[in-house]
Amino acid sequence: MPADLIKDKSVKIYKLEENKHPYVAKGEKEAKVTRQGNQVHVYMTAIRSHLTPDNIEGVKVGDEVYFHVTNLEQDWDIPHGFTIRGSKTAEILVMPGETQTLYWKAEKAGVIPFYCTDFCSALHQEMQGYIRVSPAGSNVPLKYGTGDDMVQ
Ligand SMILES: [Cu+2]
């Protein structure tokens, strides 16, 4: 098939303002972490060259964590990937303006890295962070932040 039949019809970005995902964060100020029972929802954003939040604590062994990653980019050809060490559901690849969810169960205490899995810019390796998993039943409050700023 000749390329000119499709080349003008390809979707280059998803418009952020049209994103209706129930767990979207349309800017870094909307990034947050919430708990409902043993389910933790991370409303995360990705833009060159950081993830927000990139520092999470208060997750406990046995928690089911849902990373809802919104790619804030509105440029063509800037997907971001996401996964966390020990993930059993591979990685997600999030196109500009899109939100995708990665499920991960916290199975043991420790500090677990998460990171972008798609080479997005020269500072791609800055796109990473950590989640601290505490033992089941501990009373570490849920906290999150970017860089040194932690909020509760
Ligand atoms: Cu990236």
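Residues numbered from 1 in each chain as written. Predicted model: local features only at pLDDT ≥ 70, side-chain atom pairs only at ≥ 80, totals over all residues. Heavy atoms only, no water.

J.: Hey, could you run me through the nonpolar core in this one?
T.: Across soluble globular proteins, you tend to see nonpolar side chains buried next to one another. One finds Ile56, Val59, Phe67, Phe82, Trp104 and Ile131 to be the most contacted residues of the largest nonpolar core, which totals 27 residues. Elements that contribute at least two residues to this core include exactly strand E2 (39–47), strand E4 (55–60), strand E5 (64–71), strand E6 (80–84), strand E7 (92–94), strand E8 (99–105), strand E9 (110–115) and strand E10 (128–134). When residues in this core are grouped by element, the largest group, four residues, is from E2. Those residues within four positions of Phe82 in sequence are excluded, and the remaining contacts are Met44, Leu51, Phe67, Val69, Glu91, Ile92, Leu102, Phe114, Tyr115, Cys116 and Thr117. (Core = buried A, V, L, I, M, F, W, Y, C linked by side-chain atoms within 4.5 Å. Buried < 20%, exposed > 50% of the residue type's maximum accessible area, 1.4 Å probe, protein only. Helix = DSSP H or I, 4+ residues; strand = E, 2+ residues; numbered from the N terminus. Contact = heavy atoms within 4.5 Å.)

J.: Can you walk me through the layout of surface pockets in this structure?
T.: Any empty space left between atoms is shown by rolling a water-sized probe over those atoms. Considering only enclosed or pocket space, the largest pocket measures out at about 260 Å³ in volume. Together, 13 residues line the largest pocket, and Arg85, Gly86, Trp104, Lys105 and Glu107 are the ones closest to its centre. Looking at which element gives the most residues to the lining of the largest pocket, the answer is E8, with three residues. Tallied by class, residues from the lining of the largest pocket come to five nonpolar, three polar and five charged. (1 Å grid on protein atoms, 1.4 Å probe; cavity = no way out; pocket = protein on both sides within 12 Å on 5 of 7 lines; lining within 4 Å. Points joined across faces, edges and corners; volume = space filled by probe spheres on them. Nonpolar A, V, L, I, M, F, W, Y, C, P; charged D, E, K, R; others polar.)

J.: Help me understand the coordination of the copper ion in this model?
T.: Reference values for angles at a metal are 109.5 degrees in the four-donor tetrahedral case and 90 or 180 degrees in the six-donor octahedral case. Of the protein atoms, only His80 (ND1), Cys116 (SG), Cys120 (SG) and Met127 (SD) coordinate the copper ion, at distances of 2.1 to 2.5 Å. For the copper ion, the four donor atoms in the first shell make angles of 86 to 124° at the metal, so the coordination geometry reads as tetrahedral. One chain supplies every donor for the copper ion, spaced along it as H-x35-C-x3-C-x6-M. With His80 in strand E6 and Cys116 in the loop between E9 and E10, the pair connects residues that are 36 residues apart, well separated along the chain. On the basis of relative accessibility, which here comes to 1%, the residue His80 falls in the buried class. (Donors = N, O, S within 2.8 Å, 3.2 Å for Na, K, Ca; no water. Tetrahedral: all angles 85-135°; square planar, octahedral: opposite > 155°, others 65-115°.)

J.: Which parts of the structure should I look at to understand the side chain of His124?
T.: Tracing the backbone shows His124 in the loop between E9 and E10. Residue contacts for His124: discarding those within four places in its chain leaves Cys116, Thr117, Asp118 and Phe119.

Scope: geometric values only; no functional claims are made or implied.
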